[in-house]
Amino acid sequence: MMLVCPECASRVERVEVPAGWRCPACQKTWPVISGIPRFVSQEHLASFGLQWNKYEVAHADEDRRTFEAKTGVALRDLKGLTVLDAGCGGGRYSKVAGDAGALVTGADHTSAVDKAAALCRGLASAHFVQADLKKLPFEPASFDFVFSIGVMHHDVETRAVFDRVAQMVKPGGQYAVWLYRKNQWWQEAINSFLRRRTTRMPAESLEKWCRLGAWLGGVSVVNKTLNKLANFSAHPARENRVCDTFDWYAPQYQHHHTLAELTTWFREAGFTDLRVLAPEKTGRLYRFFYDHNLLIGSGVNVLGIRRKCESTKDRTADYADTRG
């Protein structure tokens, strides 16, 4: 994958001492650490670097099912495609794509890329960069398929991330995005109240509360009732419950969106043939709560195809404009 400067979009060149990349146009340099180009530091997203490096949450069969459900793309169709995992976290979905034969690049703003690279060790077709999703070091229209699962809503402005990542999709390529769903007003009020406190907690203190949430998530009668008031994970594995609950309460930013918002963004970014993807879970009671926006932590999920009529020149100009 050809890398470009995230500031001016010029192609960068490799330097050996110290190991890294340099932009010949604007003279900026970036290090390569543990084999991974580092274009940013963690900043306000440090909690994700902590959680993905600390917890073991990958489950091969489950991850494959989740990937297909939240991208709308069958694993058998990935072979030979260039794929971008925008916000790869610990890399479990990058691994799914790589195992299926894709040429996958995972990008994340945090040190979670270290966990992703370790998880995908041995997969020659998987590569990672630590980069801001709003300033990705790739040329526009570089990928056949781009997906982002549960990431963009953690930026100060979800739409800005969505639009920048959308420009990475080739004409005729596919783009799948999963974002937190906006719930009922009273659920949103309770969540905002709790998160005003949890986002100020030291990680060690918050983790203790998350372990309590993980215990509650393992009690069936509790997680089917109290979980409609305050979010805590009900995943079958305890470590996933702790990680998922920490993931909910630690990040500085957490925006919730409607399906109408997300489909509008796709259309305005030049995508057609939109598919609204159904949730992975089934059951009449689950679907009732889901359809009435009562499931905290559930998502809005869309897959679209980029129109083929845009010229490369127009796409490159548009991308340069977004970088200021």
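Residues numbered from 1 in each chain as written. Predicted model: local features only at pLDDT ≥ 70, side-chain atom pairs only at ≥ 80, totals over all residues. Heavy atoms only, no water.

Asker: Can you lay out the overall build of the protein for me, pointing to particular residues and giving the numbers?
Answerer: Scanning the protein for helices and strands turns up 12 helices and 11 strands. With the principal axes as the frame, the protein shows a C-alpha extent of 60 × 45 × 35 Å. Looking at the protein as a whole, 50% of its 324 residues are labelled buried. Partitioning the intrachain contacts of the protein with sequence separation of at least 6 by distance along the chain shows that 70% fall at a separation of at least 24. Accessible surface for the protein amounts to roughly 15,100 Å². Of this, 54% is attributable to carbon and sulfur atoms. Between the centroid of the 43 positive side chains of the protein and the centroid of its 35 negative side chains there is a distance of 4 Å. (Helix = DSSP H or I, 4+ residues; strand = E, 2+ residues; numbered from the N terminus. Buried < 20%, exposed > 50% of the residue type's maximum accessible area, 1.4 Å probe, protein only. Contact = heavy atoms within 4.5 Å. Areas by Shrake-Rupley, 256 points an atom, 1.4 Å probe, with all protein chains shown as cover. Lys, Arg positive; Asp, Glu negative; His and termini not counted. Charge placed at Lys NZ, Arg CZ, Asp CG, Glu CD.)

Asker: I'd like a description of the packing of helix α5 (residues 158–166) against helix α10 (residues 259–268), backed by residues and values.
Answerer: Geometry of a packed helix pair, given as the angle between the helix axes and the separation of the axes. Contact geometry of α5 with α10 gives a least axis separation of 10 Å together with a crossing angle of 35 degrees. In this structure, the crossing between α5 and α10 has a hand that is right-handed. Taking contact as the criterion, the partners of Thr158, Arg159 and Phe162 in α5 are, on α10, Leu262, Trp265, Phe266 and Glu268. (Axes fitted to C-alpha atoms, helices over the stretch in contact; angles between N-to-C directions. Left-handed = near helix turned anticlockwise from the far one by under 90°.)

Asker: Account for the state of the cysteines, with residues named and values stated.
Answerer: Following the criterion strictly, the structure yields zero disulfides and no others. There is no disulfide at Cys5, and the cysteine sulfur nearest it, in Cys26, is 3.6 Å away. Unpaired in this structure, Cys26 has its nearest cysteine sulfur neighbour in Cys23, at a distance of 3.5 Å. Residue classification places Cys26 among the partly exposed residues on the basis of a relative accessible area of 30%. (Disulfide = S-S within 2.5 Å.)

Asker: Residues and numbers for the environment of Thr29, please.
Answerer: Take Thr29: it is sitting in strand β3 (residues 29–33). As for Thr29 and Lys115, which are separated by 86 residues in sequence, their C-alpha atoms are 24 Å apart. Leaving out residues up to four positions away in the same chain, Thr29 has contacts with Trp21 and Arg22.

Asker: Quick one: what's the story with the sheet that holds strand β2 (residues 20–22), residue by residue and with numbers?
Answerer: In any sheet, the strands associate via hydrogen bonds between backbone groups, in a parallel or an antiparallel arrangement. With antiparallel pairing, the four strands of this open sheet are ordered in space as β1-β2-β3-β4. Only two strands of the sheet have a single neighbouring strand rather than two, namely β1 (13–15) and β4 (36–37). Summarising the sheet, β2 and β3 pair through three bridges and their orientation is antiparallel. For Trp21, the partnering residue across the bridge sits in β3 and is Trp30. (Pairing = 2+ DSSP bridges.)

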